[in-house]
Amino acid sequence: MTDLLTPVLSANWADDRPWRINNYERRGGYDALRKALDMQPDDVIALVKDANLRGRGGAGFPTGMKWSFVPKDNPNPKYLVVNADESEPGTCKDIPLMMASPHTLVEGIIIASHAIGVSHAFIYVRGEVLHVARRLQQAVREAYSAGYLGRNILGKGLDLELTVHSGAGAYICGEETALLDSLEGRRGQPRLRPPFPAVAGLYASPTVVNNVESIASVPSIVANGKEWFQSMGTEKSKGFTLYSLSGHVKKPGQFEAPMGITLRELIDLGGGMRDGHKLKFWTPGGSSTPLLTAEHMDMPLDYEATAAAGSMLGTKALQCFDETTSVVRSTLRFVEFYKHESCGKCTPCREGTWWLVQILMRIERGEGVEGDIEKLLDLSENIGGRSFCALADGAVATVTSAIKHFRSEFEAGYTTPAWELFPYEKSALFEAKPLAAASEHAGAQQKVGTH
Amino acid sequence: MTVEKDEKKGQTQPPADQARPPEELVTFSIDDIETSVPKGTLVIRAAEELGIDIPRFCDHPLLDPAGACRQCMVDVVDDGRGRQMPKPQTSCTLTAMPGMKVRTQYTSPVAEKAQRGMIEFLLINHPLDCPICDKGGECPLQNQAMSTGDGESRYEGEKRTYPKPINISSQVLLDRERCILCARCTRFSEQIAGDPFIALAERGALQQVAIYEKEPFESYFSGNTIQICPVGALTSSAYRFRSRPFDLVSTHTTCENCASGCDLRVDHRRGTVMRRMAGNDPEVNEEWNCDRGRFGFVSGRGDDRITTPLVRRGDELLPASWPEAIDAAVAGLQKAGKDVGVLTGGRLTVEDAYAYSRFARVGLGTNNIDFRARAHSAEETDFLANAVAGTGLGVTYAELERAKHVVLVGFEPEDESPIVFLRLRKAMRKKGLKVTTIAPFLSRGSQKLNATLVSAVPGGEPQALASVDLDGDTVVLVGERAAEIPGLLTMVLDTTGRSGARMAWIPRRAGERGAVEAGCLPHLLPGGRPLSDPAARVDAQAVWGADVPARVGLDATGMFNAVLAGELGALVVAGVEPEDFPKPRIALEALEEAGFVLSLEARESSVTARADVVLPISLLEERSGTFIDWEGRERPVHNVIPKKHVMTDGRALAALTDALGAPAAPRTVSAAKAEFDEFGPWSGNRAAEPRVAGSTAIEVGPGEAVLSTWRDLLDDSRCLDGEDALLGTAQRPVVAMGPTMAADAPEGALVEVSRGQRSVTLPLKIVENMASGCVWLPAHARGHNLSTELEATAGDLVRLDMIEPEASEGDGPEGAASVSTEGTK
Amino acid sequence: MSGFKSYFEKSGGIDVADDATNLTDEHREEIRQIAARYPQKRSALLPALHLVQSVDGRVSPKGLEMCAEELGITTAEANGVATFYTMYKRKKAGKHHVGVCSTALCAIMGGDHIFETLSEHLGVGNDETTEDGSVTLERVECNAGCDYAPVVMVNWEFFDNMTPDSAIRLVDDLAAGNPVTSTRGAEITSWREAERVLAGFDDGRTDEGPAGGPASLLGVEIAAEKGWKAPDPAALPANDTEGESK
Ligand SMILES: Cc1cc2nc3c(=O)[nH]c(=O)nc-3n(C[C@H](O)[C@H](O)[C@H](O)COP(=O)(O)O)c2cc1C
Ligand code: SF4
Ligand code: FES
């Protein structure tokens, strides 16, 4: 039996200055690169494919398979772009990884570039995390100095440039095609597919976009083999991964475990819910994944079980809310997020989130009108699956799942303000007075109207 | 003769490797109707073919698909591999696949609900101001809301509002409240025109179309965005609040502004044209036109319109009756005997040009006829006779699109034939066309064509052309300005002849190609017949029933010189602007000196003042005819404004012919066309190629430069009189030079350009890739006509002086410091 | 709809009326350096706009125009990009940017209280700057620090597990110019210096701060305590290991 926690990516985080290259190397860092450079590129792809590493950015697409889609006969240069935009509410795993051990990512990038035939790779890191940008930039400088980047890497003939690129505040740039437009210096709006990035991505050239954790997992697979990777996890969801526990738990944090750990186990590791409170609802993989309730606590957190429960594993961002929380409030705040982050390109997302927020606001104020819940559901149907990209699907997932599990709270919003039913100060982690602005709470107006 | 042939029948010998393979077809069904379409066809296009109407906003067949509005959703019950697609799909981005089964709103409740939901979303923030909206009555959103939308709005929130319309150029206004963010306008500007001066700004619910406030939407093609806007968000200053679509009568015709040959839809209300829009002709202009063609149509409305014949009595031109005027004209012409010259200009329909060609030979017994109211040369005359006249439909738009390489010689397509520019840009974007330009620098237009510059100071073009690799897949496009450069047209024929490259001559004006075909040249008879060939004269005699003088006539310059030398007694002038000649002073003097001047024109001009008899001619919109575009394709001119008594040039000339006692001329446009067509193409030997050597490079001393110049699209043309909103979007006149020559002077510093005693002062613009020793100025910018101000044309040497800021108020020379020039050997 | 604002007077672009700038040819050269990092220069637009902010304290008209010129795009395109991303400011920002996470989780855990407290304490609303120019207060979206909720960002450095009291202390220290250090980052300099780092120019502070806060290290520490590890590759049930024999 494997242990409950299996630190691989996080194994060196508690080391002394693990972000420095010599400290990373001291633990065997870049040995996997040496090994990979002695392998044929196709063998590296096969290894990652056979290990059954699935993308950790949310969709869970097999990483090796994605690499193998890059056409060999396309004369254009090929690019690897690491998606380090981590902006999905609740998701907070890539940032600590890059902060503590950026070289794990850099090493993964070099190996992946060798496998795919890339000579220029990019890390697109969201702009709002300064210290991560610093650590990445320094790691890249160090890797150049050490001969892991640049021309003729380790004398094995591989040439690779790596550019760290900071974004500027837009959740949608985590969507891979919007990310590519953004990286090209454009508005971060999603592109039509097909063509898929593997065929025509960055600068219309074949491009692989992978999440930070996906790429960072590669060196360990090369070092330890596919059987090792497959020895962890459930039947179809293999390997280890980072689970991010947050919310009303005593000790939130990052837990690297084999696929399939349960929320109950994680909450236990986090010392339980905060004293005197119990779990009310949670998201398995960030705010875009339909919320679940306490009844799902023993479900294995893998791709298959979460799907069977009507949700998604997503980014394994477990946001836990206790019974003090108003679902109407949380739903409104989630939808406000999507409204604020909607890129504006397509009608249902742009106009639909604008409308949803207005209805949710009046329900929050206790001024909902008969039929509002049906309207929310009907509008959600007209938004979800009708939009250009999956952002809007995430927006309506929060609405429909909240109504599914907590319909009566929305009904109560026809008569009673949410803050009366669930005094907001009770949800705060500190002693607090009632919010003065609660009755005219207007997050949306402030977030949309100004920049 | 007919010059238009069906291009698809392959009369234009497509290179062998371009014979296209039979198209692969895909069979699938929409609403259970099976159809076969070429592989790659979008479902929305296939539905159109079947007559199934799928609502849409962002989709436009000539723009890259966006899938933004989500209005065109359909239900794919079988993706062709037996699987139902889980979500409805946008038919404007969905490629038909074999065996696919698509259901539209007519057969699928899912599609129907998706569409209804979408229109509801689009309307929540749309002002319901249809009654005062220009688009009201012809608005896709309004129509959709009626057919697809719910009667009652479920929206109870507040609408997103913006301050009312803002000018995004002097010509175009934007009403952001009405905008549904389909991005047609921004995609047009970026993809088709290459002028992304409008772009989406902000994001989410606040997304909007925007300019950068300091850089307005000054694109030659901006009007197309108004036309393709599916709501009334974009409107034009010119048409705003002027009329309602149901009051308008539409007529299709051909644009008279250049030789591109655009189909136009002209809308008039009670005898006044209210607006002009691009017609849809896939072979020619597709669905676009340029702003000059769209907005430039009010020039005939000024009080300078000539409404009655005028006859000079003493110093005064006095109104006269038509018979009086015809008598006076005949008397004047007869007094001049056979020594008459005819200047026809470049704006006539082919029927009118033919009437002059015939009138000169039959009525006046002379070959002194020339249509070129611009720089011209004997070399050009020979070139036109050898390689253009009577060649029928030559290189076409479609062939430009298929070519691998296009070389521009003395030709700036964006300024001189905007639709050619658009087609080249399309080919560059979609088919990887390579464009090479032989020019002193990469103009704005050339940059948008991604063109390679083969740098040439005016005069150096023949040599530059000789250095370019041409082959059978190359098309060389020569502009009318090639006539300014000795040896250039000779070199064009030389190099294309040797390499098998194809060649097309693209003049600026709508009537030039027709004038060449009609024989408005001193040594050419209709249909490209060389005057020198007796058989050609026999042909003409047969049609005209009159002898054709055999002596080669004078070209325009020759005529002016002959007048000034006392060798030519009279001039017949057809709406020509003397200011368009390279030396307007000479032209005006000749008109002054000529014993007799007969002018046929619609508006008062500097010719009117010097004329002895003036015959008022109707505006183009008041009559019919034919233009021949640069391709050699006949383009119909239709009568837009019905008028009872219309006097065309041809009709007036027929009256004169009668009065002169010559064999009768056709009196109607159709009779003139029929007679012209009788000539048919010339099958005899073609006139010889020109043989002119290039000139040697001129010495450029310090403070001097060789002048390069051409006319911007939006220039001081009299056709644009009264178009202030349009002219507000014109390029500002500048002196463009390279960084070395500009030395340390900043952009915008005033530069005095002089030649002899004449000078012009304009702000400096630095152009990185300007050929060394060269300077560029616009030829006819508003308020700055180089021909009058400098008497200079391309290739002339000019002097440059920087004006120190203090001195810029008036007295130039004192404050002037010499500009550094590299000087050429 | 009480409080629902639907009229956006200022939206649409960079404020061209304020043409003050400190940009020089050196910065133009730096924009070129940024462009050189990419196969196509337009890619440099986002970092170049960060650089502009580091010099002018906002996206100044001059900066926008310089970016457009150097990167070969129109000013309308540059404006479209600059107004898409929330990190670009159209009016001069304060010395420090204080972002209170207001997305659901942080808001509920106390972020709304923190924002309200700071707003009252500083006397400014969302996206407004204090009179002394020391702080610009803004509601920000989820900053990927959910395990440290409620989170406050100062110049895009983490301040974890905040309370209204600690937030007041923080902004008071910033205003007073007292040294302030991020819980998971470096000592605070200024928003503009931070923007320069985002443009890709090193400020020598990478080695400051820890590898991670307690939440980041929680799992590793528990594993260490319990002796939990990933399996030993050498001790796997002995199947074939051809994949690694190379
Ligand atoms: C709205 C939206 C936001 C996303 N944000 C992120 C993100 O921040 N980080 C990420 O890695 N993937 C994100 N994704 C998923 C990416 O599109 C893409 O699937 C992923 O980067 C692929 O990497 P992987 O195959 O390694 O998982 C997002 C997707 C959507 C639709
Ligand atoms: S769903 Fe539409 S508007 Fe929303 S982010 Fe995606 S493309 Fe943009
Ligand atoms: S017409 Fe198809 S999405 Fe707009």
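Every chain is numbered independently, its residues counted from 1 as its sequence is written. Both sets of labels track the order of writing: A upward for chains, 1 upward for ligands. Where local features are concerned, this predicted model is filtered to residues with pLDDT of at least 70; where side-chain atom pairs are given and counted, the filter is 80 or more; whole-chain, interface and lining totals use all residues. To obtain the side-chain values, all non-hydrogen atoms of the structure were included, while hydrogens and water were left out.

J.: Which residues make up the sheet that holds strand β5 (residues 101–103) of chain B, and what values do they have?
T.: All names here are of chain B. Within the open sheet, the five strands sit side by side as β2-β1-β5-β3-β4. Their pairing is mixed. Each edge of the sheet is formed by a strand with only one pairing partner; in this case those strands are β2 (33–38) and β4 (89–90). Examined bridge by bridge, strand β1 (residues 25–30) and β5 share two bridges and lie parallel to one another. Within β5, the residue paired with isoleucine 30 across the bridge is valine 102. Strand pairing is assigned whenever DSSP identifies at least 2 bridges connecting the two strands. Strands are runs of DSSP state E lasting at least two residues, helices are runs of H or I lasting at least four, and both sets are numbered from the N terminus onward.

J.: Requested: an account of the interface of chain C and chain A, with residues and values cited.
T.: In this assembly, 93 residues from chain C lie in contact with 118 residues from chain A. Buried area is calculated as the accessible area (1.4 Å probe) missing from two parts once they are joined, with the contributions of both summed. Between chain C and chain A lies a buried interface of about 8900 Å² when both sides are counted; carbon and sulfur atoms form 61% of it. A side-chain nitrogen of Lys or Arg and a carboxyl oxygen of Asp or Glu constitute a salt bridge if their distance falls within 4 Å. Taken together, chain C and chain A are joined by seven salt bridges. Across the pair A:Arg329 and C:Asp112 runs a salt bridge, and its minimum N-O distance is 2.9 Å. Residues count as neighbours in contact if any of their non-hydrogen atoms are within 4.5 Å of one another.

J.: Could you give an account of the packing of helix α18 (residues 556–564) of chain B against helix α19 (residues 584–593) of chain B, naming the residues involved and the relevant values?
T.: Two measures define how a pair of helices packs: the angle their axes make with one another and the distance between the axes. Residue and element names in this part refer to chain B. Interhelical geometry of α18 versus α19 gives an angle of 50 degrees and a closest axis separation of 9 Å. Taken as axis vectors, α18 and α19 run oblique relative to one another. Note that α18 runs across α19; the crossing there is left-handed. The segment α18 lies against α19, with Phe560, Asn561, Val563 and Leu564 engaging Ile586, Ala587, Glu589, Ala590 and Glu593. Here the term charged refers only to Asp, Glu, Lys and Arg, the term nonpolar to Ala, Val, Leu, Ile, Met, Phe, Trp, Tyr, Cys and Pro, and the term polar to all other amino acids, Gly among them. Split by residue class, the contact of α18 with α19 holds six nonpolar, one polar and two charged. Only the contacting stretch of a helix is used when fitting its axis, a line to C-alpha atoms as for every element, and angles between N-to-C directions run 0 to 180 degrees. Any angle between 65 and 115 degrees counts as roughly perpendicular, while under 35 counts as roughly parallel, over 145 as roughly antiparallel, and the rest as oblique. By definition, any crossing whose near helix is turned counterclockwise from its far helix by less than a right angle is left-handed, and any crossing with a clockwise turn is right-handed.

J.: Which residues make up the site of ligand 1, and what values do they have?
T.: All names here are of chain A. We call a residue near a molecule or strand when any one of its heavy atoms sits within 4 Å of it. With respect to spatial proximity, 18 residues lie near ligand 1, and among them Gly57, Lys66, Asn210, Asn211 and Ser214 are the closest. Polar contacts here mean pairs of N or O atoms no more than 3.5 Å apart (in protein, one a potential hydrogen donor and the other a potential acceptor; neighbouring residues in sequence count only if both atoms are side-chain atoms). Here glutamate 86 contributes a backbone N or O atom positioned 3.3 Å from an oxygen atom of ligand 1. With respect to ligand 1, the side chain of asparagine 211 contributes an N or O atom lying 2.7 Å from an oxygen atom. Here the shell around ligand 1 takes three residues from strand β5 (residues 207–211), the largest share from any one element. The class makeup of the residues in the shell around ligand 1 is four nonpolar, eight polar and six charged.

J.: Could you give an account of the site of ligand 2, with specific residues and numbers?
T.: Taken together, the neighbourhood of ligand 2 is formed by 13 residues, with A:Cys343, A:Cys346, A:Cys349, A:Phe388 and A:Cys389 sitting nearest. Its residues placed into classes, the shell around ligand 2 shows nine nonpolar, three polar and one charged.

J.: Can you lay out the domain arrangement of chain A for me, pointing to particular residues and giving the numbers?
T.: Residues and elements named next belong to chain A. The domain boundaries here were taken from an automatic or database domain assignment. You can read the domains of chain A as domain 1 (2–230), domain 2 (240–322) and domain 3 (327–427). Between the C-alpha centres of domain 1 and domain 2 there is a distance of 26 Å. Contact with domain 1, which involves 31 residues of that partner, is made by 24 residues of domain 2. For the pair domain 1 and domain 2, the summed buried area comes to about 2100 Å², and 58% of that belongs to carbon and sulfur atoms. Between the two partners, domain 1 and domain 2, sit two salt bridges. Lysine 316 is the salt-bridge partner of glutamate 213, the closest N and O atoms lying 2.7 Å from each other. In this structure, the connection of domain 1 to domain 2 is made through 18 residue pairs in polar contact (both at pLDDT 80 or more).

J.: Outline the domain arrangement of chain B, listing residues and values.
T.: All names here are of chain B. Domain boundaries in chain B define domain 1 (25–122), domain 2 (336–374 + 521–530 + 543–679), domain 3 (387–507) and domain 4 (704–818). Here domain 3 and domain 4 have C-alpha centroids that lie 26 Å from each other. The interface is formed by 17 residues belonging to domain 3 together with 18 residues belonging to domain 4. Together domain 3 and domain 4 conceal approximately 1400 Å² of surface at their shared face, both sides included; 65% is due to carbon and sulfur atoms. It is Asp415, Phe441 and Pro458 that lose the most area in domain 3 upon contact with domain 4, and together they represent 39% of the buried surface on that side. On the surface where domain 3 and domain 4 come into contact, there are zero salt bridges. Scanning the region where domain 3 abuts domain 4 turns up four residue pairs in polar contact (both at pLDDT 80 or more). Looking at the side of domain 3 that touches domain 4, the elements with two or more residues in it are α11 (413–416) and β20 (452–455). The element best represented in the side of domain 3 that touches domain 4 is α11, accounting for three residues.

J.: Which residues make up the interface of chain B and chain A, and what values go with them?
T.: Residue-level contacts link 38 residues of chain B with 35 residues of chain A. Contact between chain B and chain A buries roughly 3000 Å² in total, counting both sides, with carbon and sulfur atoms accounting for 51%. On the chain B side of the contact with chain A, B:Phe121, B:Arg154 and B:Arg203 bury the most area, a combined 25% of that side's loss. Counting the contacts that link chain B with chain A gives eight salt bridges. Our count for the chain B to chain A interface comes out at 27 residue pairs in polar contact (both at pLDDT 80 or more).

J.: I'd like to hear about unusual backbone geometry, residue by residue, with values.
T.: Cis rather than trans, the peptide bond between A:Pro194 and A:Pro195 has omega equal to 0 degrees. Relative to the helices and strands, A:Pro195 resides in the loop between α8 (176–183) and α9 (197–200). Here the amide bond leading from C:Ala149 into C:Pro150 is cis, since omega sits at -5 degrees, within 30 degrees of zero. For C:Pro150, the position within the fold is in the loop between β3 (135–140) and β4 (152–154). Despite not being glycine, C:Asn161 has its phi angle at roughly 45 degrees, a positive value.

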